[in-house]
Amino acid sequence: MTTPTGWALRAVVSAHMVAIVGQPVFAGVYLTGDYDSLLWHAIGADVVTSIGYLQVIVAIVVWVRLRRAWPFLATMAVVVAETVQYFAGLDGALWLHIPLGVVTVAALVVQFIAVWRRPLLRREARDARAR
């Protein structure tokens, strides 16, 4: 059974994924000529980035309490990519912003599947159960 710490990670990753999926939608609406959507894309970027940083904190707690490093490592990879993408977007470097956005969304979807696929147990409990 997943621990409360594991449920916290699931909740944050789920919120992060919902927020990030809106970003291509806002960008697409902007590209169709609705220039007000760029404001929504910028607000969405702030929300996605903030949730990502919150996810780092929760992933650290998972690492400490459940002795699981992979959520932290995966989160850091996503958050670093998001941060680079954020600043690339501010700078107008669409050659980097758009493909990195695609990769970031895909990586977060994979992470979402990973945290929901199996129970997040403390390492000793999982190892004892496997014996």
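Residues numbered from 1 in each chain as written. Predicted model: local features only at pLDDT ≥ 70, side-chain atom pairs only at ≥ 80, totals over all residues. Heavy atoms only, no water.

### Digging into the packing of helix H3 (residues 70-91) against helix H4 (residues 94-117)
And step 1. Two elements in contact, H3 and H4, have axes whose closest approach is 9 Å; the angle formed by their N-to-C orientations is 155°. By the angle class used here, H3 and H4 are roughly antiparallel. Relative to H4, the crossing made by H3 is left-handed. Only Leu96, His97, Leu100, Gly101, Thr104, Ala107, Leu108, Gln111, Ala114 and Val115 of H4 make contact with H3, whose side of the interface consists of Trp70, Pro71, Ala74, Thr75, Val78, Ala81, Glu82, Val84, Gln85, Ala88 and Gly89.
And step 2. Within the contact of H3 with H4, the residues separate by chemical class into 13 nonpolar, seven polar and one charged. (Axes fitted to C-alpha atoms, helices over the stretch in contact; angles between N-to-C directions. Helix = DSSP H or I, 4+ residues; strand = E, 2+ residues; numbered from the N terminus. Parallel < 35°, antiparallel > 145°, perpendicular 65-115°, else oblique. Left-handed = near helix turned anticlockwise from the far one by under 90°. Contact = heavy atoms within 4.5 Å. Nonpolar A, V, L, I, M, F, W, Y, C, P; charged D, E, K, R; others polar.)

### Digging into the nonpolar core
And step 1. Membership of the largest hydrophobic core comes to 15 residues, with the highest contact counts inside it found for Leu9, Val58, Val62, Leu108, Val115 and Leu120.
And step 2. Listing elements by their share of this core, those giving two or more residues are helix H1 (4-31), helix H2 (37-66) and H4.
And step 3. Broken down by element, the residue count for this core peaks at six residues, all from H1.
And step 4. If sequence neighbours within four positions are ignored, valine 58 has contacts with Ala8, Leu9 and Val12. (Core = buried A, V, L, I, M, F, W, Y, C linked by side-chain atoms within 4.5 Å. Buried < 20%, exposed > 50% of the residue type's maximum accessible area, 1.4 Å probe, protein only.)

Limitation: the analysis is restricted to geometry and does not speak to function.
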